[in-house]
Amino acid sequence: MPRYALITGASSGIGLALAEALARRGRHLILVARRREALESIACELTQRFGVEVLFRVCDLANPLQLTGLLHELEEGDRPIDLLVNNAGIGTSGSFLAHEWSDEQRLLELNVLALTRLCHGIGNLMVASGGGQILNIASVAAFQPGPWMSSYYASKAYVLHLSEGLREEFKEYGVKVSVLCPGPTQSAFFRNADLDDHRLRDGKLMLSAEEVALYTVKALARNRAVIIPGWRNRLAARLPRLLPRGLLRRLTGRINRSLEISRR
Ligand SMILES: NC(=O)c1ccc[n+]([C@@H]2O[C@H](COP(=O)([O-])OP(=O)(O)OC[C@H]3O[C@@H](n4cnc5c(N)ncnc54)[C@H](OP(=O)(O)O)[C@@H]3O)[C@@H](O)[C@H]2O)c1
């Protein structure tokens, strides 16, 4: 029976690049996101180019009812998943207090709760079917506090620590867990979070989503625990251990403020 890699947030950016990199290696895929048309055309293209089976499910993962429906379908269905890529995630920028609570809640539902629930639900399915592999997407933001993007940074710190904890727990069940911590990457992420990425792009400080995906699939094959593409990003992940915490908070806050685009 064929096995599938399930990728959340596969309709653009890093998730799409990971889908392509995995299809290129002959993996059958189940793609999940909200935009039906994007998923449809990606599934069609990857099937044609790589001859793999590509299914897709439209699901708002920040909606607990829709997430329950997806998990139920996966539990009842006959498409075993041996790789889960928990990639879907969003950011918010600017003053925590100025945000609508619904925006904060959506971030937590998606970045934290949906990811954790998929690790639990699909983790159990993997154990029942003899094992598998989970890749969670955190960020270099996971290594430090991030004023003016406080809940985003905190959500990614959660993902990093959850993943490392589960890696140890799941060993005895034959499920490998890795966490990807990208730095700034070319995608729709910045625009969607009201952040201006022009200076990062101009300064060539961003990797492409394809570079991140290529590095990641190689690291996954070696079962690396914490995957950080790019030397600048590996350095950025180390800095919080070297700098005084107060200085780090102020510096990060200043950078985040400078990237903010005020909402109209
Ligand atoms: N870009 C960066 O600089 C960067 C750096 C570090 C970490 N990351 C992390 O990388 C991951 C991917 O981000 P990206 O940069 O590739 O951004 P992106 O291009 O905006 O992709 C986000 C993906 O998540 C999906 N998504 C958003 N809300 C969703 C929801 N409620 N339910 C289901 N799917 C949802 C989007 O699809 P639909 O709109 O179709 O639902 C899209 O496929 C995120 O976890 C992000 O935090 C990004």
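Criteria and thresholds
- Residues numbered from 1 in each chain as written.
- Predicted model: local features only at pLDDT ≥ 70, side-chain atom pairs only at ≥ 80, totals over all residues.
- Heavy atoms only, no water.
- Helix = DSSP H or I, 4+ residues; strand = E, 2+ residues; numbered from the N terminus.
- Rg over C-alpha atoms; globule rule 2.2 N^0.38 Å.
- Buried < 20%, exposed > 50% of the residue type's maximum accessible area, 1.4 Å probe, protein only.
- Contact = heavy atoms within 4.5 Å.
- Areas by Shrake-Rupley, 256 points an atom, 1.4 Å probe, with all protein chains shown as cover.
- Lys, Arg positive; Asp, Glu negative; His and termini not counted.
- Charge placed at Lys NZ, Arg CZ, Asp CG, Glu CD.
- Salt bridge = Lys/Arg side-chain N within 4 Å of Asp/Glu carboxyl O.
- Pairing = 2+ DSSP bridges.
- Right-handed = clockwise from strand over helix to strand, strands pointing away.
- Phe/Tyr/Trp six-rings, centres within 6.5 Å; stacked < 30°, edge-to-face > 60°.
- Lys NZ or Arg CZ within 6 Å of the ring centre and 35° of its normal.
- Axes fitted to C-alpha atoms, helices over the stretch in contact; angles between N-to-C directions.
- Parallel < 35°, antiparallel > 145°, perpendicular 65-115°, else oblique.
- Left-handed = near helix turned anticlockwise from the far one by under 90°.
- Nonpolar A, V, L, I, M, F, W, Y, C, P; charged D, E, K, R; others polar.
- UniProt positions renumbered as here; feature names shortened; annotations may be inferred.
- Near = heavy atom within 4 Å.
- Polar contact = N/O pair within 3.5 Å; in protein donor to acceptor, adjacent residues only side chain to side chain.

- By the naming in an unreviewed UniProt entry, the protein goes by Ketoreductase domain-containing protein and is assigned to Zestomonas carbonaria.

**Some words on the overall build of the protein**
Then, in step 1: The number of helices and strands found in the protein is 10 helices and nine strands.
Then, in step 2: For the protein, the C-alpha radius of gyration of 18 Å lies close to 18 Å, the compact-globule estimate for 264 residues.
Then, in step 3: Reported as C-alpha extents along the three principal axes, the dimensions of the protein are approximately 55 × 40 × 35 Å.
Then, in step 4: Counting over 264 residues, the protein shows a buried share of 49%.
Then, in step 5: At a minimum sequence separation of 6, the contacts of the protein that also span at least 24 residues come to 70%.
Then, in step 6: Element-wise, carbon and sulfur atoms account for 53% of the exposed surface of the protein, whose accessible area totals about 13,400 Å².
Then, in step 7: One way to put it: in the protein the 34 positive side-chain charges average out to a point 9 Å from where the 26 negative ones average out.

**Section: the pattern of salt bridges**
Side chains bearing opposite charge may pair, as long as their charged atoms lie close to each other.
Then, in step 1: Inspection of the entire model under this criterion finds nine salt bridges.
Then, in step 2: The salt bridge partner of glutamate 20 is arginine 49, with a shortest N-O separation of 3.0 Å. In this pair, glutamate 20 is assigned in helix H1 (residues 13-24) and arginine 49 in helix H2 (residues 36-50), connecting sequence segments 29 residues apart.
Then, in step 3: With a relative accessible area of 39%, arginine 49 lands in the partly exposed category.
Then, in step 4: The partner of aspartate 103 in a salt bridge is arginine 106, and the shortest N-O contact between them spans 3.4 Å. Of the two residues, aspartate 103 and arginine 106 are both situated in helix H4 (residues 101-128); the distance of three residues between them amounts to about one turn of the helix.

**Concerning the pairing of strand E3 (residues 54-58)**
Then, in step 1: Sheet topology places strand E2 (residues 28-33) next to E3; five bridges connect them, and they run parallel. Along E3, the bridge assignment pairs isoleucine 30 with leucine 55.
Then, in step 2: A crossover connection joins E2 to the parallel E3 through H2; in handedness this β-α-β unit is right-handed.

**A few points about the packing of aromatic side chains**
Then, in step 1: What the rule picks out here adds up to three aromatic pairs.
Then, in step 2: Ring geometry for tyrosine 152 versus tyrosine 153: centroids 6.4 Å apart, planes at 80 degrees, classification edge-to-face. Considered together, tyrosine 152 and tyrosine 153 belong to a single accessibility category, that of buried residues.
Then, in step 3: Of the aromatic side chains, those joined through ring pairs into one cluster are Tyr152, Tyr153, Phe189 and Phe190.
Then, in step 4: Sitting over the face of the ring of tryptophan 148, arginine 257 holds its NZ or CZ atom 3.6 Å from the ring centroid.

**A few points about the packing of helix H3 (residues 64-76) against H4**
Then, in step 1: It is at 11 Å that the axes of H3 and H4 come closest, and there the two elements cross at 15 degrees. Comparing the axis directions of H3 and H4 gives the class roughly parallel. Between H3 and H4 the crossing geometry is right-handed. Of the residues in H4, those touching H3 at Pro64, Leu67, Thr68, Leu71, Leu74 and Glu75 are Glu109, Ala114, Arg117, Leu118, Gly121, Ile122 and Leu125.
Then, in step 2: Here the residues of the contact of H3 with H4 are counted per class, giving eight nonpolar, two polar and three charged.

**Thoughts on the pairing of E2**
Then, in step 1: In terms of burial, E2 is a largely internal element, five of the six residues being buried.
Then, in step 2: Note that strand E1 (residues 4-8) and E2 share five bridges and pair parallel. Its bridge partner lying in E2, alanine 5 is registered against leucine 29.
Then, in step 3: The β-α-β motif built from E1, the intervening H1 and the parallel element E2 has right-handed crossover chirality.

**Observations regarding the UniProt feature "domain: Ketoreductase" (unreviewed entry) in the protein**
Then, in step 1: When the UniProt feature table is mapped to this numbering, "domain: Ketoreductase" (unreviewed entry) covers residues 3-187.
Then, in step 2: Taken end to end, residues 3-187 is 48% helix and 19% strand, and its first and last C-alpha atoms sit 29 Å apart.

**Focus on the site of the ligand**
Then, in step 1: In the vicinity of the ligand lie 31 residues, with Arg34, Asp60, Asn87, Tyr152 and Ser187 positioned nearest.
Then, in step 2: Between the ligand and arginine 34, the relevant distance is 2.7 Å, taken from an oxygen atom to a side-chain nitrogen or oxygen of the residue.
Then, in step 3: In the environment of the ligand, an oxygen atom lies 2.8 Å from a nitrogen or oxygen atom belonging to the backbone of threonine 185.
Then, in step 4: The protein chains hide 96% of the 880 Å² of surface that the ligand would expose on its own.
Then, in step 5: Where the shell around the ligand is concerned, the elements lending two or more residues are H1, helix H5 (150-170) and helix H6 (189-192).
Then, in step 6: Per-class residue counts for the shell around the ligand are 16 nonpolar, 11 polar and four charged.

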